[in-house]
Amino acid sequence: MDLQAARDAIVAAALPHVAFDGWGRRTMRQASTDAGYDVTMAQRLFPSGAVGLIEQFNDLADRRMAEGLAGLQPSTLRLRQRVALAVRLRLEPWTDEREAVRRAIALLALPQNASTAARITYRTVDAIWHAVGDTATDFSFYTKRASLAPIYGATVLYWLDDRSEGTVETWAFLERRLDNLLNLPRLMGALRRPFDLVSGRAFEPSRRHPAR
């Protein structure tokens, strides 16, 4: 059995139920049978329960974003335009599932899920930077992700309540937030100097490709 495909199928089957039943056991049982599996399959594939299901949902959305951006081959776009497009591709396919996203955020906001929420956010902004062609291994690896995380988070919250045609107000909001990234080179220089003085070299983070 292709476990990744099975997890993705259960997530897709779960989304229509989440708006009514939340990310709980009932949804997991329904998703198992709707996806064509035994009623206990979701519980076996996601032993951590709803939180594990949400993690898979976010992973699926990250992968689809990367695939969508690669298919468009936006090499002629400026970096900021590519980042804006990546965020849009990350959110736009799930417009009809905004209630499921809202409930996922509410569940992840609980104190016991704080580490999972942070991990999910990092993976998404990291996936966005990789998708737009970022190959940084120096200090900017950190500053880019630290700068994009609050922009992405604010955009998601705006998008959840955006009822404009084609959610155009969300994309305008995103463009305004991304204006802040124009100051990123200066910010990186200011933050890097103290570390360079101490270490004599820039940080060299390992690349991302954690096991799923």
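Basis of the calculations
Residues numbered from 1 in each chain as written. Predicted model: local features only at pLDDT ≥ 70, side-chain atom pairs only at ≥ 80, totals over all residues. Heavy atoms only, no water. Helix = DSSP H or I, 4+ residues; strand = E, 2+ residues; numbered from the N terminus. Polar contact = N/O pair within 3.5 Å; in protein donor to acceptor, adjacent residues only side chain to side chain. Salt bridge = Lys/Arg side-chain N within 4 Å of Asp/Glu carboxyl O. Buried < 20%, exposed > 50% of the residue type's maximum accessible area, 1.4 Å probe, protein only. Contact = heavy atoms within 4.5 Å. Axes fitted to C-alpha atoms, helices over the stretch in contact; angles between N-to-C directions. Parallel < 35°, antiparallel > 145°, perpendicular 65-115°, else oblique. Nonpolar A, V, L, I, M, F, W, Y, C, P; charged D, E, K, R; others polar. Core = buried A, V, L, I, M, F, W, Y, C linked by side-chain atoms within 4.5 Å.

**Structural notes on the side chain of Thr143**
Then, number 1: Relative to the helices and strands, Thr143 is located in helix H8 (residues 140–160).
Then, number 2: Of the polar contacts made by the side chain of Thr143, one reaches the backbone oxygen of Ser140; its length is 3.3 Å.

**Side note on the pattern of salt bridges**
Then, number 1: Counted under the stated rule, the structure contains 16 salt bridges.
Then, number 2: In this structure, Asp126 engages Arg145 in a salt bridge whose closest nitrogen and oxygen atoms are separated by 2.6 Å. One end of the pair, Asp126, is in helix H7 (residues 114–131); the other, Arg145, is in helix H8, with 19 residues separating them in the sequence. The same class applies to Asp126 and to Arg145, which are both buried.
Then, number 3: Bridged by salt links that share partners, the residues Glu99, Arg102, Arg103 and Asp161 form one connected network.

**Some points on the side chain of Thr124**
Then, number 1: Within the secondary structure, Thr124 is located in helix H7.
Then, number 2: On the basis of relative accessibility, which here comes to 1%, the residue Thr124 falls in the buried class.
Then, number 3: With near-sequence residues (within four places) excluded, Thr124 lies in contact with Asp62, Arg90 and Tyr152.

**Brief notes about the packing of helix H4 (residues 50–72) against H7**
For any two helices packed against each other, the geometry comes down to the angle between their axes and how far apart the axes lie.
Then, number 1: Running from N to C, H4 and H7 cross one another at 10°; their axes reach a closest spacing of 9 Å. For the element pair H4 / H7, the angle class is roughly parallel. Residue-level inspection shows Val51, Ile54, Glu55, Asn58, Asp62, Met65, Ala66 and Leu69 of H4 in contact with H7, the latter providing Thr116, Arg119, Ile120, Arg123, Thr124, Ala127, Ile128 and Ala131.
Then, number 2: Tallied by class, residues from the contact of H4 with H7 come to nine nonpolar, three polar and four charged.

**Quick word on the nonpolar core**
Then, number 1: One finds Ile10, Trp23, Leu53, Ile128, Leu148 and Trp159 to be the most contacted residues of the largest nonpolar core, which totals 47 residues.
Then, number 2: If you tally residues by element for this core, the top one is H4, at eight residues.
Then, number 3: Dropping the residues within four chain positions of it, Leu53 is found in contact with Ile10, Val11, Ala14, Trp23, Met28 and Phe46.

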